[in-house]
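This is what each chain is made of:
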Amino acid sequence: QVHLVESGGGLVQPGESLRLSCAASGNIGKIYAMGWYRQAPGNQRELVATITTDLITNYADSVRGRFTISSDNAKNTVYLQMNSLKVEDTAVYYCNGDLAGWGSIRRNYWGQGTQITVSS
């Protein structure tokens, strides 16, 4: 079993900052990448940012320059620093792990999601 546990969501005003954390635990064999996706009501889940174990990052255009993804490979943890938050950033944010458990094939794992609401 592999588990991804997110923390750090909440309610903030436009222009404020939040930091999300996601820790992977359990029967982890190899992590290839971790990242964050989000889903707003009525919308499909979309990529926010990803980071590989080689620290190669990828960002959605809508968050580039405002959000920063980082990781601590020793702790199997990924972070998302979100600055200058906008109302349109409101969504449920999901942690994603591209990894293989011991004795299992490589696949995507998901956290339970954490709500971020940006509102004045």
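Note that the structure is a prediction, hence the values are computed from the model and not measured.

(A) Representation of the overall build of the protein in the model. Along its length, the protein carries zero helices and eleven strands. Seen in sequence order, the protein has helices and strands lined up from the N terminus as β-β-β-β-β-β-β-β-β-β-β. The C-alpha atoms of the protein give 14 Å as radius of gyration, which agrees with the globular expectation for 120 residues (14 Å, within 12%). Dimensions along the principal axes, computed over C-alpha positions, put the protein at roughly 50 × 25 × 20 Å. Taken over 120 residues, the protein has a buried fraction of 41%. Surface summary for the protein: the accessible area is close to 6400 Å², and the carbon and sulfur share equals 47%. The protein carries 10 positive and 9 negative side-chain charges, and their two centres are separated by 4 Å.

(B) Structural view of the pairing of strand E4 (residues 28-39). Examined bridge by bridge, E4 and strand E9 (residues 91-101) share ten bridges and lie antiparallel to one another. In the sheet register, tryptophan 36 faces E9, and the bridge partner there is cysteine 95. Note: E4 against strand E5 (residues 46-52), six bridges, orientation antiparallel. The residue of E5 that forms the bridge with tryptophan 36 is alanine 49. What sits between E4 and E5 in their antiparallel hairpin is a turn of six residues, with glycine 42 showing a positive phi close to 80 degrees.

(C) Region of the structure containing the pairing of strand E10 (residues 106-110). In this structure, E9 lies alongside E10, joined through five bridges in antiparallel fashion. The residue of E10 that forms the bridge with asparagine 96 is tryptophan 110. In textbook terms, the turn of a hairpin is the stretch between consecutive antiparallel strands, and for E9 and E10 this stretch comprises four residues, one of which, glycine 103, has a positive phi near 75 degrees.

Conventions we followed
Residues numbered from 1 in each chain as written. Predicted model: local features only at pLDDT ≥ 70, side-chain atom pairs only at ≥ 80, totals over all residues. Heavy atoms only, no water. Helix = DSSP H or I, 4+ residues; strand = E, 2+ residues; numbered from the N terminus. Rg over C-alpha atoms; globule rule 2.2 N^0.38 Å. Buried < 20%, exposed > 50% of the residue type's maximum accessible area, 1.4 Å probe, protein only. Areas by Shrake-Rupley, 256 points an atom, 1.4 Å probe, with all protein chains shown as cover. Lys, Arg positive; Asp, Glu negative; His and termini not counted. Charge placed at Lys NZ, Arg CZ, Asp CG, Glu CD. Pairing = 2+ DSSP bridges.

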